Amino acid sequence: MSGTYSLAAVIAVALGTVLIGAYGLRISRTTSDFYVASRTVSPWWNASAIGGEYLSAASFVGIAGLIFAHGPDMLWFPVGYTAGYLVLLTMVAAPLRRSGAYTLPDFAEARFASRRVRAAASALAIAIGWLYLLPQFQGAGLTLHTITGAPTWAGALIVAVVVTINVMSGGMRSITFVQAFQYWLKLTAIAVPVVFLVLAWRAQGMPDLAGPALPVFADETTVTFETPTTVRALEAVPVTGSGVVDGQRLAGGALELGPGTHTVDAGSRLTFPGGSPVPHVDDVAPLSGEAWALPLSGGERYPLYAAYSLIIATFLGTMGLPHVIVRFYTNPNGRAARRTTLIVLGLLGVFYLVPPLYGALGRLYTPELLMTGNTDAVVLVLPSRMIDGLGGQLLGALVAGGAFAAFLSTSSGLMISLAGVLSQDVLRLGGVRGFRVSALVAVLVPLGMTLLVSGMPVADLVGLAFAVAASSLCPLLLLGIWSRRITTVGAVAGMLAGGAPALAAGLATIFLDVGDAWYHVLLARPAAWTVPLGFGVMYAVSLLTPGHVPVGVDRVMVRLHAPEGLGSGGTR
Amino acid sequence: MSDPGEGGRPAQRVVVTSPRTRAARVRRAQPAVPVPLLSEESDLSTHYVRSLIKEQRRLGLLVCGVVCGSLAALPLLFALAPRLGEQRLLGLPLPWLVLGVLVFPVLVLAGWFYVWQAERSEREFAELVERP
């Protein structure tokens with residue numbers, strides 16, 4: 001793939017991030033600079049910054065890839081990511097800001113006055129942060145691999161290094177402006193190319209996206225298999241090329257792939273004639289355009305359970321993400337926190353109009369990704385595929401740059417939160433040095449995991465992080481804010497009862513191959529059973545241990561819910 | 001912005017996540033609302049705060065319940081009435097139109113309604129508390 005411009009765009013984004021980080025070091029010098037400046041940030045800036053940090057690899061490449069492979073059921077990802085902010089707005093935003101907490105552990109301690117609750121919240125925040133960093137690194141590896149052919153660990157390493165330098169030098173986060181700019185960069189990078197793609201599609205007479213046929217190769221297409229792949233053909237397909245298919249070297253360079261499953265060895269290069277049906281990788285169900293466009297037909301065995309589990313995880317998980325919460329502190333008061341969240345809802349809504357278009361156009365123009373299983377690459381590949389010449393390459397570069405911006409900004413936000421929690425609550429190292437050591441630890445663990453995990457769709461991994469957050473920190477926030485009966489014992493028990501099984505299920509799907517077992521969906525989408533568990537245990541144990549209601553809960557409740565600035569001209 | 005820190009001392013770099021804990025802990029002693037008004041633990045002020053909490057909780061649950069509830073009904077609807085998924089409106093299949101486009105303005109409107117209502121009940125609360 002001709003990725004010169006794309007590579008240039010990626011390098012520009014990475015260098016720009018480092019430079020702005022270094023420059024930000026000079027303009028945000030003191031702690032008070034940070035706080036005072038950030039407290040005068042207007043809701044619009046703040047909302048753009050939240051959007052910039054929130055739109056991650058999953059939003060930028062992952063959603064389009066899943067819609068491309070599985071159809072409209074996957075629209076619940078963008079809907080859930082946005083609806084999560086409505087839940088955040090209505091149930092959490094203002095009280096969270098009024099608690100004065102900077103991180104989730106801070107909130108836990110402010111509300112429950114207990115180090116134990118704080119410790120449990122810290123452990124979960126770290127686990128969620130790591131789980132969320134993983135797909136960012138993986139997405140970066142995929143992007144770099146797609147545009148240059150570099151091994152997948154290279155992109156992960158680059159993002160890890162850039163972000164670590166940035167976080168250790170103290171830049172990035174301190175400047176709301178940079179994060180805010182990132183939102184508009186990402187929106188441009190994904191929305192401008194799509195205008196041209198849709199125009200190109202119209203110019204070709206608007207071929208049907210939901211027709212009765214299976215996806216076919218539009219033209220003669222040569223596909224390189226980078227990993228050993230099992231593909232399923234529904235009809236016989238003649239192929240030419242080189243490599244090993246079903247354990248046999250392609251004799252004479254030609255072969256017919258009969259109906260059924262075939263294994264293709266890594267390094268094989270196969271050429272498919274134009275108009276032939278696309279064999280599918282074995283975990284993507286072959287769907288005709290019609291079937292693909294319908295809900296609940298994406299090839300999942302229990303589509304209804306999967307849909308509901310996804311809805312629960314994303315609606316409730318957003319509030320428990322460590323990097324989302326921190327941004328609320330930069331609002332001057334609870335009222336501004338609400339207004340900021342409202343604007344975020346709008347910004348996310350605009351962005352999420354776009355990825356489904358990539359997914360749908362991919363069915364026509366990049367069907368070979370259904371065979372290689374590299375469905376997350378659809379956003380990156382489409383521009384240069386649909387538009388010839390320099391124009392397509394420049395649009396491709398724009399998308400690649402935007403994708404890298406997405407990985408960098410989300411990873412930075414996560415790293416700061418993680419390093420903060422690690423240095424305060426785990427390593428107990430103070431000062432700048434402690435923070436730097438923690439930043440290193442925060443990045444090394446997910447980087448190591450990235451090398452072990454491969455091939456899981458980016459958005460699915462993010463879904464797991466949401467599930468853990470929804471089962472553990474969400475009950476803590478919701479019940480903690482709205483009920484005065486929750487006890488310290490109940491809080492810890494509930495967080496563990498919901499969070500531990502969700503985390504275990506997530507790790508099991510990542511590291512163990514449970515294949516097609518009936519319980520696969522329970523592990524891959526655990527939220528539907530772990531969230532009720534978390535809420536139920538937290539409330540029930542609290543009712544059983546009424547002696548452990550924290551002292552002064554009434555005072556804390558006043559602080560969480562009463563508007564600021566009452567009385568004599570107001571405080572704070 | 002690059003001027004020296006307070007008191008003319010040269011500016012110094014500080015980690016901003018670390019000291020938060022202690023700050024949060026110290027500040028817990030002071031409620032958000034000025035002491036004479038609400039922390040007297042008088043029956044009246046406790047009563048006002050409780051009713052504010054109750055009202056905001058009701059409002060939040062209402063907005064959340066109506067919007068998220070009707071959203072969550074969609075998969076079931078599509079499962080029970082598969083024909084619905086085949087309908088086309090404005091050139092788009094219904095599920096795509098609803099989940100890909102219409103959802104987002106609805107969420108923003110619901111959020112706007114919530115903010116408007118929540119600020120109103122906070123204003124009313126403030127008037128009650130500040131009444132001489």
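Bear in mind the structure is a predicted one, so any value in this text is a computation, not a measurement. Residues take numbers from 1 onward in each chain, read along the sequence in its written order. Naming scheme: in the order in which they are written, chains are lettered from A and ligands are numbered from 1. Where totals are concerned, whole chains, interfaces and linings use all residues; where local detail is concerned, this predicted model gives features only for residues with pLDDT of at least 70, and gives and counts side-chain atom pairs only at 80 or more. Think of the side-chain values as coming from all heavy atoms in the structure, minus any hydrogens and water.

**Q** Let's hear about the pattern of salt bridges: which residues, and what values?
**A** In what follows, salt bridge is the name for a side-chain nitrogen of Lys or Arg lying within 4 Å of a carboxyl oxygen of Asp or Glu. What the rule picks out here adds up to 9 salt bridges over all chains. Salt-bridge contacts for Glu368 of chain A lead to Arg385 of chain A; the nearest nitrogen and oxygen are separated by 2.8 Å. Pair noted here: Glu368 of chain A is in the loop between α15 (355-365) and α16 (369-372) and Arg385 of chain A is in helix α17 (residues 378-386), with a separation of 17 residues, a long-range link. Here Glu368 of chain A falls in the buried class, since its relative accessible area comes to 7%. Judged by relative accessible area, Arg385 of chain A falls into the partly exposed class, the value being 33%. Salt-bridge contacts for Arg50 of chain B lead to Asp554 of chain A; the nearest nitrogen and oxygen are separated by 3.6 Å. With Arg50 of chain B in helix α3 (residues 43-80) and Asp554 of chain A in helix α24 (residues 553-561), this residue pair bridges two chains. Only protein chains enter the accessibility calculation, which uses a 1.4 Å probe; a residue is then buried when its area is under 20% of its type maximum, exposed when over 50%, and partly exposed in between. With relative accessibility at 29%, the residue Asp554 of chain A sits in the partly exposed group. Among the ionic contacts, a cluster of salt bridges with common partners joins Arg98 and Arg338 of chain A together with Glu122 of chain B. Every helix listed is a DSSP run of H or I at least four residues long, and every strand listed is a run of E at least two residues long, numbered separately from the N terminus.

**Q** Which residues make up the state of the cysteines, and what values do they have?
**A** By definition, a disulfide links the sulfur atoms of two cysteine residues through a covalent bond. Defined by distance alone, a disulfide is two cysteine sulfur atoms within 2.5 Å. Applying the stated criterion across every chain, the model contains 0 disulfides over all chains. The thiol of Cys474 of chain A is not disulfide-bonded; the next cysteine sulfur, from Cys64 of chain B, is found 9.8 Å away. Since its relative accessible area comes to 0%, Cys474 of chain A is described here as buried. You can see Cys68 of chain B has no disulfide; the closest cysteine sulfur is in Cys64 of chain B, sitting 4.5 Å from it. Exposure remark for Cys68 of chain B: the relative accessible area of 12% places this residue in the buried category.

**Q** Please give an account of the packing of aromatic side chains that cites residues and values.
**A** Classification of ring pairs uses Phe, Tyr and Trp, with its six-membered ring standing for Trp, and accepts pairs whose centres are within 6.5 Å; under 30 degrees between planes counts as stacked, over 60 as edge-to-face, and the remaining range as tilted. Going through the model one piece at a time under the given rule, you end up with 15 aromatic pairs over all chains. Aromatic side chains Tyr54 of chain A and Tyr85 of chain A sit 4.9 Å apart centroid to centroid with 85° between the ring planes, which places their arrangement in the edge-to-face category. On the criterion of sequence distance, the pair formed by Tyr54 of chain A in helix α3 (residues 43-54) and Tyr85 of chain A in helix α5 (residues 76-91) is long-range, its members being 31 residues apart. In this pair, the class of Tyr54 of chain A matches that of Tyr85 of chain A, namely buried. Measuring from centroid to centroid gives 6.1 Å for Tyr132 of chain A and Phe466 of chain A, while their planes differ by 45°, and the two rings are tilted. Within this pair, whereas Tyr132 of chain A is found in helix α8 (residues 115-148), its partner Phe466 of chain A is found in helix α20 (residues 458-482), the two being separated by 334 residues in sequence. Feature note: the residues Tyr54, Phe60, Phe77, Tyr81, Tyr85, Tyr132, Phe351, Tyr352 and Phe466 of chain A together with Phe104 of chain B constitute an aromatic cluster, connected by ring pairs. Placement of a positive charge over a ring is assigned whenever Lys NZ or Arg CZ falls within 6 Å of the ring centre and within 35 degrees of the normal to the ring plane. Here Arg111 of chain A stacks its cationic end above the ring of Phe112 of chain A, 4.6 Å away from the centre of that ring.

Geometry only, nothing functional implied.
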